[in-house]
Number of protein chains: 2
Amino acid sequence: MIERYIAAALGKTKADVVLKNGSYVNVFTGEVEKGDIAVVGGKIVGVGAYSGEREIDIGGKVAVPGLIDAHVHIESSQLSSEEFARLVVPHGTTLIVADPHELANVCGIEGVRYVAEAARNTPLEVKVMLPSCVPATSFETSGATLSGADTERFIGEPYVWGLGEFMNAPGVLNGDADVLRKLEAAHACGKVVDGHAPDLSGQALNAYIAAGIRTDHECATPEEAAEKAAKGMYVHLREGSATRNVAAVGKAVSEKNFRRFLFCTDDRHAADIRANGHISNALRVAVAAGMDPARAVTIATLNAAECYGLKGKGAIAPFYDADIAVFDDLKEFRCALVLKNGKTVAEKGTALFDTGKKFLPAAVRNTVHVGQIAPQTFALRLKGERALAMRLTAGSVVTEKRVCRVESRGGDVVLQGTDLLKLAVIERHKGTGNVGLGLLEGYGLHGGALALTVAHDSHNLIVLGDNNADMAAAANELARIGGGLAIAQGGSVQSLAFDIAGLMSSLPAEEYIARSEKLYEAAYAMGVKRGFDAFMSLSFLALLVIPSLRLSDKGLFDVDAFSLVGIDAE
Amino acid sequence: MIERYIAAALGKTKADVVLKNGSYVNVFTGEVEKGDIAVVGGKIVGVGAYSGEREIDIGGKVAVPGLIDAHVHIESSQLSSEEFARLVVPHGTTLIVADPHELANVCGIEGVRYVAEAARNTPLEVKVMLPSCVPATSFETSGATLSGADTERFIGEPYVWGLGEFMNAPGVLNGDADVLRKLEAAHACGKVVDGHAPDLSGQALNAYIAAGIRTDHECATPEEAAEKAAKGMYVHLREGSATRNVAAVGKAVSEKNFRRFLFCTDDRHAADIRANGHISNALRVAVAAGMDPARAVTIATLNAAECYGLKGKGAIAPFYDADIAVFDDLKEFRCALVLKNGKTVAEKGTALFDTGKKFLPAAVRNTVHVGQIAPQTFALRLKGERALAMRLTAGSVVTEKRVCRVESRGGDVVLQGTDLLKLAVIERHKGTGNVGLGLLEGYGLHGGALALTVAHDSHNLIVLGDNNADMAAAANELARIGGGLAIAQGGSVQSLAFDIAGLMSSLPAEEYIARSEKLYEAAYAMGVKRGFDAFMSLSFLALLVIPSLRLSDKGLFDVDAFSLVGIDAE
């Protein structure tokens, strides 16, 4: 193949494809330059004056290297890997570094393998990180465990690019044996380890980095980002759906330190991607906040390639892979054309590849294992009239620990006339029968129940409702359809199946978005306050590492005390 | 070990070594910053306020990451790998990317292995490139060949870091099959390929890069360097003994493109290193020419590490290797202290490691294989009175092709009364008996002969003299001692053995330098003009790729016609 590159680069033979009459971002000079881009096979062979078997006039538009999302959980789109690709590729993303943390919590290594395999059906290149913190804590029941021994076993596999975000920062700083085993395993085979270290600074940050952790995507301020970059970390500027740091944290980027910054989305919803873009959206936000456009593009391409050792990625230059995104301009970043390995894969926002056939291995299907749920399951027996309750504030995932007064009758609490709802977390992986019960204040639902199988990080079955019958109906519906979202209202049930691990739908993106929106509207119609994300706000109530009060399948969890607690208050 | 890094970084335990009260170059911020540098085992674990089992006060001085020479032929020092290390490490160089091109021309893969093995005796880390162009041409007899098949066989070996400078640019642009085979082999195992492409630009440069060649150290102008960097090459700024490009070519470096530049020495003599430094010298020259000192240091460290995939190298930050050079200042770059893997290896210009015991495998010894040379060997029989002669200009390695008039008597030329000398290239690897004869004009030698076994690139035995008896005596002396430098004058002979492949001396550096200087003075005393490097100017007369007229063991070579020619002129 090199022979063909040489001949075409010399102009002795025609290139396969030439992008003509446009400009391009040269990530090596930091300038927007002119020149035809000549492609042979999957490689760029030269920029200059070239002719090709196929010539594409991109006059007036700007070519950039294919964008790289340096840290993303595909699961947050609630779409299959194939449909995720169909959403992001038309926005110019050609490679992602995916951490299938949620899939791994349900399916273990098979969830990791699923992402690696499914990616082969699409032009989106997916580098898969082995999740490092499964389960997140020992106070909940997850579908799977990835121990230090498992890490040693799998980290060297060819489908594993590195070790996923090391959320267990306390474990690192305490030198936990299993944590060290995971890190040593990654280092032994020279693989990148991603970090997750909100608020860490000074000597604690030194220690976290000295453990061999290379990146961080949790910076909340420019100062935090500047310190991490100064200590050699690669810092992801994150623009997700809920967490948007680019404008604020991007202020840390200077001409001297910019080679240590990356872009990522982390968690981004399907509808958001469709409407506002993907890494293209991060670029738009960065440039609007004052970042030089060519520098922003360099951060989204060459930097990510260097951080993750992605050979041949991240530049428009000879011998680089012909992964190219053409944008109308470097302000709005509307994507006109995408080439992957020299092939046109999207045009004017539309994917040109087929995602009809999905890879759906048995390991990620039928993952909801609960028996028939009786209404009585949700009876909440208190010793007195005072109980602990969670309260959510719109726009935050932190819960407040409240003590509320609630009456009981016939061995169950009386919710009527209160602002309280019952919350249940039903273990759904192993059929243990574990059910944790709690109270949520101020969410606004009336006359029914919501249920879902997306519940960070162990993804048990969460049910919220004001009556036991609807709660049982919603839970049983999810058991029937293998997980997803459900609403029960006076006996009538509607749902959307997440047939992949109870986390993601294999539907086409548009259909998923339409059906999901319908369910959300139904939830809001039942009184859920619009400040909340009707379903996904609930998914964080089982996440035991965020203050203050949480619920797992083992019961209420006091995050400050880091222990299970009873619901009865003094 | 990570456990110890973490504990020390946190300040829970003392570090092994702490550099106190100094400043350091932070290559991530491009600033000179303050802080104690804490080292545990071979790693830096943090910069901040630390205490250690051993504390070194570097007050007022500046620590930088260990310097990296990104392209060097150790052979040009004419010292063993061990003694080379003893010269460069005290100047702050802790890692070199070595291309044993000369050793390979004599000993083949065993010469490559020698460099890799000998390096283990010293704290200088040596990444060895597999030479790509052995022999340089087919018009000479080298000691060994490294074909495409050999490249396939050896490129994946653990002691091979990449493929050495691809001097055969025409072969690349012509798509020669054996050339492509070498390149494909390197790419197949993901190894770096170094370039050597003087004057290449435009589409020819695109083609050279499109073949997967990553670097170039032959830029003569800032414009050439800027084009190469803009096309994604890493450009070495070279400061050797003969070729000094840093001040001029360094002008191409800007705040936007600087991550694509490196420093190298390529070819640097032992005495020059001892007197003026190594990469430290390149830094001094760059800063004197106006380069920001922290940027210059970044180029000499982090950039080289990124180009060559040297994990853990190139920065003073947690989890980076504790390879540290401390300089008095960032102007003169006088080196006060060097740590390698956390151990003090040099102080105030003196190496603290023992190089007494040399690695001298049989493969690199006794490499001069010629029978007894009779004076009659050098009889030059002409058809008429007009002959081709080479003429050297001081300060250049280019030769002029001259036609001169010379008388003959008794089947040999008469040199008396002319400015001509006889030059012979005697094949010395395989005992073929090949002897090429030619004439050199204007060198100045009288009443004797010089001989040496350093003769680029095939390193045959070169003899220059004005009488056959002394020429034979000098050649026979080199055969006797296994190569090196020799002078014969009226039957008396003096010499310096290069017992390693006829290219390098295993003597201690100081003794080699003293004895070499003595021989040089003897040569100048015999009339060699001081504008020439008495021996080394001769070593290029057999280099068939530099204009205009050259001599190999197969005879005179016309570089412009790229063919052997007879000595008789019309």
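Predicted model, so just to flag it, every value in this text is computed and none were measured.

**Q** What is the right way to read a positive patch on the surface from this model?
**A** Judged by side-chain charge, R214(A), K311(A), R214(B) and K311(B) come together as a positively charged surface patch. Secondary-structure assignment places R214(A) in the loop between α8 (202-210) and β13 (215-216). Owing to a relative accessible area of 31%, R214(A) belongs among the partly exposed residues under this scheme.

**Q** Explain helix α15 (residues 509-525) of chain A to me, please; I cannot follow it from the model alone.
**A** Since one α-helical turn is 3.6 residues long, residues separated by three or four positions face the same way. Residues and elements named next belong to chain A. With 17 residues, α15 should cover 24 Å at 1.5 Å per step; its first-to-last C-alpha distance of 24 Å lies within 8% of that length. Within α15, the full set of buried residues consists of A509, Y512, I513, S516, L519, Y520, A522, A523 and Y524. Contacts made by the buried residues of α15 are with α2 (81-88), α11 (270-276), β26 (449-452), β28 (484-489), β29 (492-497) and α16 (536-539). After α15 finishes, the residue G527 shows a positive phi value of roughly 105°.

**Q** Looking at this structure, I do not really get the pattern of salt bridges. What am I missing?
**A** It is possible for side chains bearing opposite charge to pair when their charged atoms get close. Residues and elements named next belong to chain A. The full count for this structure, using the stated rule, is 73 salt bridges over all chains. The partner of R181 in a salt bridge is E152, with the nearest N and O atoms 2.8 Å apart. Here E152 lies in helix α5 (residues 148-154) and R181 lies in helix α7 (residues 177-188), a separation of 29 residues in the sequence. Judged by its relative accessible area of 41%, E152 is partly exposed. When salt bridges with common partners are traced through the structure, they connect K43, E125, K127, K313, D321, D323 and K340 into a single cluster.

**Q** Just checking my understanding: could you explain the pairing of strand β4 (residues 36-40) of chain A for this structure?
**A** Here is the key point about a regular strand: its side chains alternate between the two faces of the sheet. Residues and elements named next belong to chain A. Burial runs high along β4: 5 of the 5 residues are buried. Along β4, one buried face is formed by D36, A38 and V40 and the opposite face, lined by I37 and V39, is buried too. Where strand β1 (residues 15-20) and β4 come together, 3 bridges link them in antiparallel fashion. Following the sheet pairing, V17 is matched in β4 by V39. The pairing of β4 with strand β5 (residues 43-48) spans 5 bridges and is antiparallel. Looking at the pairing, V40 lines up with K43 of β5. Taking the residues that link successive antiparallel strands as the turn, the β4-β5 hairpin has 2 residues, and the phi of G41 there is positive, at about 55°.

**Q** I tried to follow helix α2 (residues 81-88) of chain B on my own but got confused; where do I start?
**A** The element α2(B) is largely enclosed, with a buried count of 7 among its 8 residues. Contact partners of the buried residues in α2(B): β8 (67-72), β9 (93-98), α4 (109-118), α11 (270-276) and α15 (509-525) of chain B.

**Q** Explanation requested: the interface of chain A and chain B in the structure shown.
**A** Opposite the 55 residues of chain A that make contact, chain B presents 55 residues. With both chains or domains summed, chain A and chain B bury close to 4500 Å², and 53% of this area falls on carbon and sulfur atoms. The largest per-residue losses of area from chain A upon contact with chain B belong to F28(A), K256(A) and R259(A), which jointly make up 16% of the total buried on that side. For the interface between chain A and chain B, the tally reads 6 salt bridges. For the interface between chain A and chain B, the tally reads 20 residue pairs in polar contact (both at pLDDT 80 or more). Mapped by element, the contributors of at least two residues to the side of chain A that touches chain B are α1 (2-9), β5, α6 (169-173), α7, α8, α9 (222-230) and α13 (293-308) of chain A. A total of 6 residues in the side of chain A that touches chain B trace back to one element, the largest contributor, which is α8(A). For the side of chain A that touches chain B, the class distribution of residues is 29 nonpolar, 15 polar and 11 charged.

**Q** Explain the confidence of the model for chain A here, please?
**A** Caution is warranted with low-pLDDT regions, since their predicted coordinates should not be read in detail. On average, residues of chain A score 97 in pLDDT, and 100% of them reach the 70 mark or higher. Here the predicted complex carries an ipTM of 0.95, next to a pTM of 0.96.

**Q** What is the right way to read the sheet that holds strand β20 (residues 386-392) of chain A from this model?
**A** Sheet strands associate in pairs through backbone hydrogen bonding, adopting either a parallel or an antiparallel arrangement. Residues and elements named next belong to chain A. An order of β21-β20-β25-β24-β27-β26-β28-β29 is seen for the 8 strands of this open sheet, with the pairing classed as mixed. Only two strands of the sheet have a single partner each, and these edge strands are β21 (399-405) and β29. Mean inter-strand twist for the sheet, computed between neighbouring axes without regard to direction, equals 25°. This element, helix α14 (residues 468-481), spans β24 (420-426), β26, β27 (461-465), β28 and β29 of the sheet and lies at about 150° to β28. The sheet contacts of α15 involve β26, β28 and β29, and relative to β29 the element is tilted by about 145°.

**Q** Mind showing me how you'd approach the nonpolar core here?
**A** A general feature of soluble globular proteins is that nonpolar side chains tend to end up buried together. Residues F263(A) and F535(A) are the most contacted members of the largest nonpolar core, which totals 186 residues. With 8 residues, α15(A) is the largest single contributor of residues to this core. Not counting residues up to four positions away in its chain, the partners in contact with F535(A) are Y443(A), L450(A), A451(A), L452(A), L485(A), A486(A), I487(A), L519(A), Y520(A) and A523(A). With 184 residues, the next largest nonpolar core counts A38(A), V72(B), I273(B) and Y520(B) among its residues.

**Q** Explain the packing of aromatic side chains to me, please; I cannot follow it from the model alone.
**A** We describe a pair of aromatic rings using the distance from one ring centre to the other and the angle between the two ring planes. The tally for this structure, following the rule as stated, stands at 20 aromatic pairs over all chains. Relative to F562(B), the ring of F139(B) has its centre 5.8 Å away and its plane inclined at 85°; by these criteria the two rings are edge-to-face. Of the two residues, F139(B) sits in the loop between β10 (125-130) and α5 (148-154) while F562(B) sits in the loop between β31 (555-558) and β32 (563-565), which places them 423 residues apart along the sequence. Given a relative accessible area of 21%, F139(B) falls into the partly exposed group. For the ring pair F498(B) and Y512(B), a centre distance of 6.3 Å and an interplane angle of 50° mean the geometry is tilted. Here F498(B), found in the loop between β29 (492-497) and α15, pairs with Y512(B), found in helix α15; they are 14 residues apart in sequence, far enough to count as distant. A relative accessible area of 6% places Y512(B) in the buried class. Among the aromatic residues, ring-to-ring pairing joins F139(A), F557(A) and F562(A) into one connected group. Here the guanidinium or amino end of K127(A) rests over the ring plane of W161(A), the centre of that ring lying 4.3 Å away. Seen from the ring of F258(B), R295(B) lies directly overhead, with NZ or CZ sitting 4.9 Å from the centre.

**Q** I tried to follow the relation of the copies chain A and chain B on my own but got confused; where do I start?
**A** For the pair of chain copies, the relating operation is a rotation around an axis with a shift along it. For the pair chain A and chain B, the superposition axis carries a translation of 0.1 Å, the fit reaches an RMSD of 0.1 Å, and the rotation angle comes to 180°. In short, the pair behaves as if placed about a two-fold rotation axis. Comparing interface residues between copies, 100% of those in chain A also sit at the interface in chain B, which points to an isologous, same-surface contact.

**Q** I'm lost on empty space enclosed by the protein in this one. Help?
**A** Summary: where empty space remains is shown by rolling a probe the size of a single water molecule over the atoms. For the structure on display, the rule yields 8 cavities of 30 Å³ or more. Within this model, the largest cavity holds a volume of roughly 80 Å³. Taken together, V27(A), G30(A), F258(A), D292(A), A294(A), R295(A), T298(A), K256(B) and R259(B) make up the full set of residues lining the largest cavity. Residues that form the lining of the largest cavity fall into these classes: 3 nonpolar, 2 polar and 4 charged. For the second largest cavity, the calculated volume is near 60 Å³. Grouping the constituent residues of the lining of the second largest cavity by class yields 3 nonpolar, 2 polar and 3 charged.

**Q** Which parts of the structure should I look at to understand the sheet that holds strand β6 (residues 52-57) of chain A?
**A** All names here are of chain A. Ordered in space as β5-β4-β1-β6, the 4 strands form an open sheet in which the pairing is mixed. Here the strands that pair on one side only, and so sit at the sheet edges, are β5 and β6. The average angle at which neighbouring strand axes cross in this sheet is 20°, direction not considered. Across the face of the sheet, α1 comes into contact with β1, β4 and β5 while running at roughly 10° to β5.

Cut-off values and rules
- Residues numbered from 1 in each chain as written.
- Chains lettered and ligands numbered in written order.
- Predicted model: local features only at pLDDT ≥ 70, side-chain atom pairs only at ≥ 80, totals over all residues.
- Heavy atoms only, no water.
- Patch = residues over 30% accessible without salt bridge, like charges linked within 9 Å, V, L, I, M, F, W, Y side chains within 5 Å.
- Areas by Shrake-Rupley, 256 points an atom, 1.4 Å probe, with all protein chains shown as cover.
- Salt bridge = Lys/Arg side-chain N within 4 Å of Asp/Glu carboxyl O.
- Lys, Arg positive; Asp, Glu negative; His and termini not counted.
- Charge placed at Lys NZ, Arg CZ, Asp CG, Glu CD.
- Helix = DSSP H or I, 4+ residues; strand = E, 2+ residues; numbered from the N terminus.
- Buried < 20%, exposed > 50% of the residue type's maximum accessible area, 1.4 Å probe, protein only.
- Expected span 1.5 Å × (residues − 1).
- Contact = heavy atoms within 4.5 Å.
- Pairing = 2+ DSSP bridges.
- Buried area = accessible area lost by both parts, 1.4 Å probe.
- Polar contact = N/O pair within 3.5 Å; in protein donor to acceptor, adjacent residues only side chain to side chain.
- Nonpolar A, V, L, I, M, F, W, Y, C, P; charged D, E, K, R; others polar.
- pLDDT = per-residue confidence, 0-100.
- Axes fitted to C-alpha atoms, helices over the stretch in contact; angles between N-to-C directions.
- Core = buried A, V, L, I, M, F, W, Y, C linked by side-chain atoms within 4.5 Å.
- Phe/Tyr/Trp six-rings, centres within 6.5 Å; stacked < 30°, edge-to-face > 60°.
- Lys NZ or Arg CZ within 6 Å of the ring centre and 35° of its normal.
- Least-squares fit on C-alpha atoms with pLDDT ≥ 70 in both.
- 1 Å grid on protein atoms, 1.4 Å probe; cavity = no way out; pocket = protein on both sides within 12 Å on 5 of 7 lines; lining within 4 Å.
- Points joined across faces, edges and corners; volume = space filled by probe spheres on them.

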